[in-house]
Amino acid sequence: MRPGRTLTDIHYTSADGLDLFARSYGPETAELTVLCMHGLTRNHKDFEPMISRLGDRYRFIAVDVRGRGRSQRADKPETYSPQIYAQDMFALADKLELSKMALIGTSMGGLMAMIMARMSPERIGGLVLNDVGPVVNPAGLRRIASYSQDPQPVDSWQAAAEKVKAAQSEAFPDFEADDWMEFARRTWRETDDGKVVADYDPEITRSLGEAKAGLMTKFAMWRVFGALKSHPMLIVRGETSDILSKGTAKRMVRRHPDARLFTVPQRGHAPLLDEPIAIDAISDFLERLET
């Protein structure tokens, strides 16, 4: 992160008693607060490359969703669901007394953003949906399940970087060795015995590979999306994404009167949002929300 940037660790409690973590970046007095919510197996550090490039104009709050990073693992795996995650986010917003905020959600975090805007529309100023929509491609879910459901510890950070590269190389074809090591450092952690492990509870991926979106589920999510027409929206899609199809992204724009779509070249699922086209689009979007 940029030297001198204001960082504050936040601990708060969920409705079912979990100790949850978030980190605040930038001035608390900023005109706009942006809540950043990561994908399935990621954590708050996923947004640090983006935040470091967007400057100190806004206050960013990046979260560790329950079961990830520095947030407590749940005793009841059934609470690992977007609806519960959204409730946790409002617990955080209540603690910080945020009456209104913008949302940036990557993948699972984007589903959380849509649910939050449906639950409490008056508190959401606008949404950035990163590589996700009302329809999620089952092939992409199966791919994620193939590398995330049984994460085995490794003996070194180099081994962790190699595992990350093996799982993500198609999504980031231009990454070099240093990029993969940085990726590993954001998504894995070192244990007391010197092992390096994926930084999430494996229970979060339960039944992921079996997920099938039936007609009624798809209909329900399009209903949720349709309820967001009063919220400005920015849709970011990786050029080769296997989660958000090109057709679904275009359909989202057609159905929403105030949505714009940006495609990030040489990216699959999901862009890190530090890519130049993503930074420019997000910067313009947040400036619009602020004014």
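My aim in this report is to walk through the structure given alongside it, one point at a time. (Residues numbered from 1 in each chain as written. Predicted model: local features only at pLDDT ≥ 70, side-chain atom pairs only at ≥ 80, totals over all residues. Heavy atoms only, no water.)

## Thoughts on the overall build of the chain
1) Next: Tallying secondary structure elements over the chain gives 9 helices and 10 strands in all.
2) Next: For 291 residues, the compact-globule estimate of 2.2 N^0.38 gives 19 Å, and the chain sits close to it at 18 Å.
3) Next: Per-residue burial over the chain gives 54% buried out of 291 residues.
4) Next: A separation of at least 24 residues holds for 74% of the contacts in the chain among residues at least 6 apart in sequence.
5) Next: For the chain, the computed accessible surface area is about 13100 Å², with 48% contributed by carbon and sulfur atoms.
6) Next: If the 39 positive side-chain charges of the chain are averaged to one point and the 41 negative ones to another, these points end up 7 Å apart. (Helix = DSSP H or I, 4+ residues; strand = E, 2+ residues; numbered from the N terminus. Rg over C-alpha atoms; globule rule 2.2 N^0.38 Å. Buried < 20%, exposed > 50% of the residue type's maximum accessible area, 1.4 Å probe, protein only. Contact = heavy atoms within 4.5 Å. Areas by Shrake-Rupley, 256 points an atom, 1.4 Å probe, with all protein chains shown as cover. Lys, Arg positive; Asp, Glu negative; His and termini not counted. Charge placed at Lys NZ, Arg CZ, Asp CG, Glu CD.)

## Topic: the packing of aromatic side chains
Aromatic ring pairs are defined here through the distance separating the ring centres and the angle between the ring planes.
1) Next: Applying the stated rule across the entire model yields 8 aromatic pairs.
2) Next: An angle of 85° between the planes, with centres 6.4 Å apart, marks the rings of F172 and W180 as edge-to-face.
3) Next: Judged by its relative accessible area of 4%, W180 is buried.
4) Next: Here W222 and F225 contribute two aromatic rings whose centre-to-centre distance is 5.6 Å and whose plane-to-plane angle is 90°, an arrangement assigned as edge-to-face. Of the two residues, W222 and F225 are both situated in helix α7 (residues 215-226); the distance of 3 residues between them amounts to about one turn of the helix.
5) Next: For F225, a relative accessible area of 1% gives the class buried. (Phe/Tyr/Trp six-rings, centres within 6.5 Å; stacked < 30°, edge-to-face > 60°.)

## Considering helix α8 (residues 246-255)
1) Next: Along α8, the residues that are buried comprise T248, A249 and M252. On an axial view of α8, the arc spanned by its buried residues comes to 100°, and they lie on one face. Exposed residues on α8 whose side chains face more than 90 degrees from its buried face are K246 and R254. (Arc of directions from axis to C-beta.)

## Here we look at helix α3 (residues 108-119)
1) Next: In this model, α3 (12 residues) spans 17 Å end to end at C-alpha, consistent with the 16 Å of a helix rising 1.5 Å per residue.
2) Next: Judged by how many residues are buried, α3 sits mostly within the fold: 10 of 12 residues are covered.
3) Next: For α3, every residue scored as buried is listed here: M108, G109, G110, L111, M112, A113, M114, I115, M116 and A117. (Expected span 1.5 Å × (residues − 1).)

## Section: the layout of surface pockets
1) Next: One number sums up the size of the second largest pocket: a volume of about 250 Å³.
2) Next: Looking at the second largest pocket, it is lined by 15 residues, and the ones nearest its centre are Y147, V164, A167, W188 and Y200.
3) Next: Listed by contribution, the elements that provide at least two residues to the lining of the second largest pocket are α4 (138-148), α5 (157-168) and α6 (177-187).
4) Next: The residue makeup of the lining of the second largest pocket, split by class, is 9 nonpolar, 4 polar and 2 charged. (1 Å grid on protein atoms, 1.4 Å probe; cavity = no way out; pocket = protein on both sides within 12 Å on 5 of 7 lines; lining within 4 Å. Points joined across faces, edges and corners; volume = space filled by probe spheres on them. Nonpolar A, V, L, I, M, F, W, Y, C, P; charged D, E, K, R; others polar.)

## Structural notes on the nonpolar core
1) Next: Core analysis: the largest hydrophobic core is formed by 66 residues, its most contacted members being L35, M37, M101 and M116.
2) Next: The dominant element in this core, judged by the number of residues it contributes, is α3, at 8 residues.
3) Next: Those residues in contact with M116, other than ones at most four positions away along the chain, are L35, M37, A86, M89, F90, M101, L103, P121 and I124. (Core = buried A, V, L, I, M, F, W, Y, C linked by side-chain atoms within 4.5 Å.)

## Description of the side chain of S120
1) Next: The residue S120 is located in the loop between α3 and β6 (124-130) in this model.
2) Next: Among the polar contacts listed, one links the side chain of S120 to the side chain of E122, at a separation of 2.8 Å. (Polar contact = N/O pair within 3.5 Å; in protein donor to acceptor, adjacent residues only side chain to side chain.)

## Things to note about the pairing of strand β5 (residues 101-106)
1) Next: Within β5, 6 of the 6 residues are buried, which leaves it mostly tucked inside the rest of the structure.
2) Next: Neither face of β5 is exposed, since M101, L103 and G105 on one face and A102, I104 and T106 on the opposite face are all buried.
3) Next: By the bridge criterion, 4 bridges tie strand β3 (residues 33-37) to β5 in an arrangement that is parallel. Bridge pairing in β5 places C36 opposite I104.
4) Next: The handedness of the β5 to β6 crossover, carried by α3, is right-handed. (Pairing = 2+ DSSP bridges. Right-handed = clockwise from strand over helix to strand, strands pointing away.)

## Focus: unusual backbone geometry
1) Next: Omega for the bond connecting H269 with A270 falls within 30 degrees of zero, at -5°, which places this linkage in the cis form.
2) Next: By the secondary structure assignment, A270 is in the loop between β10 (259-264) and α9 (276-290).
3) Next: A positive phi angle is found at D131, which is not glycine, with a value near 60°.
4) Next: Structurally, D131 is set in the loop between β6 and α4.

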